[in-house]
Each structure stands twice: as C-alpha cells, then as structure tokens.
Amino acid sequence: MAILYVRAAPTTDLNRNTEWFTYPGVWSTYILILFFSWLMVLSVFACSPGMAWTVVHLSHFFVTYQFFHWKKGTPFAEDQGIYNRLTWWEQIDSGQQLTRNRKFLTVVPIVLYLIASHTTDYQHPMLFFNTVAVFVLVVAKFPHMHKVRIFGINADQ
Amino acid sequence: MIIPYLTALTTYFSYGLLFAFGQLRDFFRKSVDWWSASTLQGYAPICLGLEDFYIRRLYLRIQDCFNRPISSPPDAWFDVVERVSNDNNKTLKRTTKVNRCLNLGSYNYLGFAAADEYCTPRVIECLKKYTPSTCSTRVDGGTTILHAEMEECVANFVGKPAAIVFGMGYVTNSAILPVLIGKGGLIISDSLNHNSIVNGARGSGATVRVFQHNTPSHLESVLREQIADGQPRTHRPWKKIIVVVEGIYSMEGELCKLPEIVSICKKYKAFVYLDEAHSIGAVGKSGRGVCELLGVDTADVDIMMGTFTKSFGSSGGYIAGSKELIQYLKYTCPTHLYATSISAPAAQQIISSIKVVLGEDGSSRGAQKLARIRENSNFFRSELQKMGFEVLGDNDSPVMPIMLYNPAKIPAFSRECLKRNVAVVTVAFPATPLLLARARICISASHSREDLLKALEVIGTVGDMVGVKYFPAEPNKQQVEVGQVKKVD
C-alpha cells in the first residue's frame, strides 16, 4: 500500500497549547473520532441511530464546552502563565478571529446538530436539548464574545 | 518536514487518549481528596488550574527516559546509573549498579568532555594555582590575567575585535538582550529559537515578533510590515531592530540560511544577533562556526554569541562584537557587574581547547578532530537515511534528530536502546511541537568507526521493533570498501 505523506509548513505560533492545531491531520482526526464514537455508542447501547447521534452531539457539547470555553490557561508551566486568563478558544491563532480553523470548529457542532435532528425526525425532547447545545456552542464562538464573561461567570478575581 | 499522514492521525488520537485518561484520573483524584480533610485551609494553591497536568499525567508516566544520572565523564562511552521505581514511575530511586553505554546524547562535538592530553594537565595546574572560584564579580576582584587572555583568545578565534565572557551560557542570552534593546525597540526572532533567547526577549520589554523558521522571505515580509507600521499605538519609527537567529538549531540540526538573512538585514538596516551555541567549534573548516561554513563575513554579523559547553568542554558563554559594543556591555551588563566571574580552571580549559583547535599546541589534533566530526556526521546521517529513518538536519551538522511522532514510541525507543547499551536522548512535547517527537543524536569526534557501526546496528534493530522507519529503505548495494585513511595520532 502506498504511504501518503504530507508536508508540514512551519508555524509562527509560540503557544505550544494551540500550535498543534495548525498541523495537517487535525481536522480528519476530529471527524474520525466523532464517527467512531457514534459507532461505539450504537454498539454499547444498542439504540436507534438517531438516539446515538443525539448522545454523541450532547457529549460533544459537554466535552468541547469544558475544554474550549471553560478551562483557562495551559497544561504546562513553561510559558509562565501569560495565557492564564484566556480559554483555549481565545488562545488559538493568537486571538485572530474568523480564521480557517475557527470557521471549521464553528461548523462542526452545526453539522452534528443537523445530523442529530434529522435522524431523530425532529422529535421532542431530543430536539430541545440538541438546540440548546448548538445555540450555546455557536454563541460562545462568536467574534464579539472574545474575552467576554457574561455576568462574571468564569471570570478571574 | 514530511509527515506520513496515517502517523499524524494516530499520533493525535494517542495524545487524545492520554489526555482523556489523565482527565479521568484527575477527576477521581479530586473526588477522593474532597472526602479527606486538608490541613491547608485558607492557603492559596501552589499550581493554578491545569498548570501541572502535563507533568503529572504524561511526563511522570515515562519519567525513567529523562534525567538519567551518569557517573563518569560524558565521553564516547560512559556509565549510566540504573534506577528502579516501586510506584509505577512516580518516584525513582538510584541503585548502585551502572551500565556502560555508548553516548549519543552529549554535546561533546570535539571530544573535549573527557580528559585531554593537552588541556587537562594545564587545567589541574590552574586549579591548584587559582582555586576553583574567583569569589568575586568581574569588576571587584574577579578578573585574573586568565580572564583577559581568554577574552582575547575568543575574540581572535571568532574573528571579531573584542569579546566578553560570562559564567553561564543561558544567562548570556537572557541578560544581554535586555541591555541591548528596551521599550520602543523591535526583536524579530526565529520561531524555533532557544528558550534563553525567548526569555531575554520577553525580559527586555521590546516588542517581539516571530518569523517562520529559516524562511528569509517571511523575515522580509515581517520586517517590511513592522517598519511600515512603527511602534504599537503611537506608530513612531522603531528605535532599534534586532533579528535573532541561531547557527545550528539544536532540535532540528539545520543550519541557518545566514547569507540571505544578513543581506535582508543590511537592506532594511536591522542588527543581526547570531547565537552559535551549537555551531562554534563544530562546523567550518577551522571550526570557526557557521560564518566560515557559509562564507559570511564576520563584520556583517553585528553581535555573535556562543557557549563553551558544547565544543570546548568547559562552561560559560561569550558575546563578540566591536570594541565599542563590548566596552558598553562591560559598563552596563548586570552579569558582568554583579555575577561571579567564570572560574579560573574553566577559563584555562577554554584557552587550551581553542589552542588545540587552532593547532597552536604544536600538533594537528585540532584539524583531525574537525575532520573526524565531519566524517562521522555525514557517514551516520547517510547510513540512517539508507535504513529508512526520517532524519532531519543538513549535511555537516553533528546534530541529527530521528523522528518518532507517536507518544508511545518515545519510551519504547529510549528503553530498548538502553537495554542494548546505547543511550539516546528523546525529546517530546512541549520542547517540540505536539506531533513531532524525536530522538536527537549528537555525534562526537571521539566516536570511532566501530562505535558508530554498533550504534547503527542497535538503532536499526530498535527502529524495526518500534516501527519508526517511515521512509522506504534503500536496497543494499554491494559492500564498497571506502578507502579509510589511517590517522596517525
């Protein structure tokens, strides 16, 4: 089998926490992880495909909200805490808005929502939970929400 | 950098899995700790949030591959102390057993790390005459005649009018940059510059911009954009622009594209700061570094910095430049004014090793060492590439990283090599990008041809076992006997 090679362009991002997102293969890995988790949910719970997509969508919501928009700072101490007030979403691409990576990450929850609602035939109560999840995620990714902390939730002292 | 696509996908997945397991363990640890009482009520936590997550959950799992203690001088063969762990690598205890291993990790480019027949007697004599420490700063009572002779020696060797020497290499970068440039200045540094330069740039207060590694065209576009914009907010012209590059990048083994960068800096009137920590003494026909190798006039590089820890077997760092620059540094640099001066035996080692390299000790050992390191590096690199490994770095560079990528291959490669008595240094995130973990090999002039062949055999076997031969191996040609010129010592 022929081995496929890609060329990695050097980046100028000094933040090691977000620099890995600029290398090739990240988008494909993300989509493959979502697809395989759908297969796993289907095989473990033996439910309908629509319920499985809803489960994947909601757990994706919890995981990405926690790690992209709630946890602040970096998981290592070498950068001496200069990113301690910024969530991961605010750190990527050095804070530039509307880059390719950000657009991709905004589109993924929307596509997941469409798949989840279509495969459950837009029934309640799944539709309600899915809609709330996608609303929260998309609003959190707006350019105007950069460094905004509503009602002081998750702000620093 | 060419990456196999499937490996990239599996590497991201592995790191995701490690991260998920780490978070799960943290969650259980937090729940268990919530029940037990804490004696530190009201104290602020030592680590904020997730700061120590990487250390606790990823680094400590493979801790036995890093920080290995040695119990002999770091020559071509050295003694590695064995360690055991009773709690799954959380703590390691030293045993009394040692392993005699081939040293592929020390920056021992010219072989001065072990006892040398010219340098060591002179250093011991100097130790008896001047004692280990000068017990004073340079300006108070710490400048001996050795220090003056050493600075002159270094300036002559590097090809600049004057030089100043400090006791520590890291400090040379991080304490000089704040003195040279301040608020209102601009530092443009390569994206893969060493931590000491990043530290010094941050400490100086100047604006820092980064250009794509070793890409002169991107440097030019960054320079043009910054000169046109001026200082942030006020848009006044910059007071000073310094471009910082390194001679050999220690994680890539690549040489800097110095001629293009120097011509761009001359065009836009920016100063060039060249950090030759790994290239001084190791490359170039007479060992004078990357300027000699690439044919750049040393008068074009404004500030040349280097360290003595790699090729000269000593400790300390130097800055070489014009007489006015060095005089200014002697008045203002805090390291010169307040830090203890470099110890006298270390200074003597620097003087003696430079004399050996230049041939002034009366023998041709210096030229032989330089020829041997060049031969060794080129031979080793080409053999590794023939076996199918992905090896980075340019020809003539003694640093060669072998790409591993997957996080599981890092401890596998390191431990299997140690079992076969070859000690390699593996580097992972965050010293390198997440995807690009590597095993870095540093070739020395004291490695003989048999040592290199043994290393190749071991690395070949381990590479097959671990699965790091990402490129197709070249077919085995007929064994051509390369005419080896017998070196008469």
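Residues numbered from 1 in each chain as written. Chains lettered and ligands numbered in written order. Predicted model: local features only at pLDDT ≥ 70, side-chain atom pairs only at ≥ 80, totals over all residues. Heavy atoms only, no water.

### Examining the packing of aromatic side chains
One pass over the structure, following the stated rule, counts 26 aromatic pairs over all chains. Arranged with centres 4.2 Å apart and planes meeting at 5°, the rings of tryptophan 27 of chain A and phenylalanine 104 of chain A form a pair that is stacked. Of this pair, tryptophan 27 of chain A sits in helix H2 (residues 26–45) while phenylalanine 104 of chain A sits in helix H5 (residues 100–119), and the two are 77 residues apart along the sequence. Each residue in the set Trp20, Phe21, Phe68 and Trp88 of chain A together with Tyr12 of chain B is aromatic and connected to the rest through ring pairs, giving one cluster. The aromatic ring of tryptophan 89 of chain A is capped on one face by lysine 141 of chain A, whose charged end is 5.3 Å from the ring centroid. (Phe/Tyr/Trp six-rings, centres within 6.5 Å; stacked < 30°, edge-to-face > 60°. Helix = DSSP H or I, 4+ residues; strand = E, 2+ residues; numbered from the N terminus. Lys NZ or Arg CZ within 6 Å of the ring centre and 35° of its normal.)

### Here's the deal with the layout of surface pockets
Here the second largest pocket defines a volume of roughly 1,800 Å³. The wall of the second largest pocket is formed by 46 residues, among which Ile33 and Val63 of chain A together with Gly16, Phe19 and Ala20 of chain B lie closest to the centre. Of all the secondary-structure elements, those providing two or more residues to the lining of the second largest pocket are H2 and helix H3 (49–70) of chain A together with helix H1 (5–35) and helix H2 (53–59) of chain B. No other element matches the 11 residues that H1 of chain B contributes to the lining of the second largest pocket. (1 Å grid on protein atoms, 1.4 Å probe; cavity = no way out; pocket = protein on both sides within 12 Å on 5 of 7 lines; lining within 4 Å. Points joined across faces, edges and corners; volume = space filled by probe spheres on them.)

### Focus: the UniProt feature "transmembrane region" (unreviewed entry) in chain A
The feature "transmembrane region" (unreviewed entry), as given by UniProt, occupies residues 27–47 and 126–143 of chain A in the numbering adopted here. Within the segment residues 27–47 of chain A, helix and strand shares are 90% and 0% respectively, and the terminal C-alpha atoms sit 28 Å apart. (UniProt positions renumbered as here; feature names shortened; annotations may be inferred.)

### Considering the sheet that holds strand S8 (residues 271–275) of chain B
All names here are of chain B. On the basis of which strands lie adjacent, the open sheet formed by seven strands has the order S4-S10-S9-S8-S7-S5-S6 and mixed pairing. Looking at strand neighbours, the two that pair on one side only are strand S4 (162–166) and strand S6 (207–211), the edges of this open sheet. Each strand of the sheet is rotated relative to its neighbour by a mean of 20°, with strand direction disregarded. Relative to strand S10 (residues 317–321), strand S9 (residues 303–307) runs antiparallel, the two being bridged by four bridges. Considered in S10, the bridge of glycine 306 is made with tyrosine 318. Along the sheet, helix H4 (residues 145–158) makes contact with S4, S9 and S10, crossing S4 at roughly 125°. (Pairing = 2+ DSSP bridges. Axes fitted to C-alpha atoms, helices over the stretch in contact; angles between N-to-C directions. Contact = heavy atoms within 4.5 Å.)

### Re the interface of chain A and chain B
Bring the parts together and some accessible area is lost; that lost area is often taken as the interface size. Residue-level contacts link 31 residues of chain A with 35 residues of chain B. Between chain A and chain B lies a buried interface of about 3,000 Å² when both sides are counted; carbon and sulfur atoms form 66% of it. Considering only the side of chain A, the residues that lose the most area to chain B are Tyr5, Arg16 and Pro75 of chain A, jointly responsible for 19% of the buried surface there. Remark: the boundary between chain A and chain B carries zero salt bridges. Secondary structure elements with two or more residues in the side of chain A that touches chain B: strand S1 (5–7), helix H1 (16–19) and H2 of chain A. Here the side of chain A that touches chain B takes five residues from H2 of chain A, the largest share from any one element. Across the side of chain A that touches chain B, the residue classes tally to 18 nonpolar, seven polar and six charged. Bridge count between S1 of chain A and strand S1 (residues 2–4) of chain B: three bridges; the pairing is antiparallel. Across the sheet, tyrosine 5 of chain A pairs through a bridge with proline 4 of chain B, a residue of S1 of chain B. (Buried area = accessible area lost by both parts, 1.4 Å probe. Salt bridge = Lys/Arg side-chain N within 4 Å of Asp/Glu carboxyl O. Nonpolar A, V, L, I, M, F, W, Y, C, P; charged D, E, K, R; others polar.)

### Remarks on unusual backbone geometry
A cis amide bond links histidine 124 of chain A to the next residue, proline 125 of chain A, at an omega of -5°. Positionally, proline 125 of chain A belongs in the loop between H5 and helix H6 (126–140). For asparagine 89 of chain B, which is not a glycine, the phi torsion comes out positive at approximately 75°. Assignment of secondary structure puts asparagine 89 of chain B in the loop between strand S2 (77–84) and strand S3 (93–103). By relative accessible area, which is 11% here, asparagine 89 of chain B ends up buried. One non-glycine residue with positive phi stands out, namely lysine 269 of chain B, at about 60°. (Buried < 20%, exposed > 50% of the residue type's maximum accessible area, 1.4 Å probe, protein only.)

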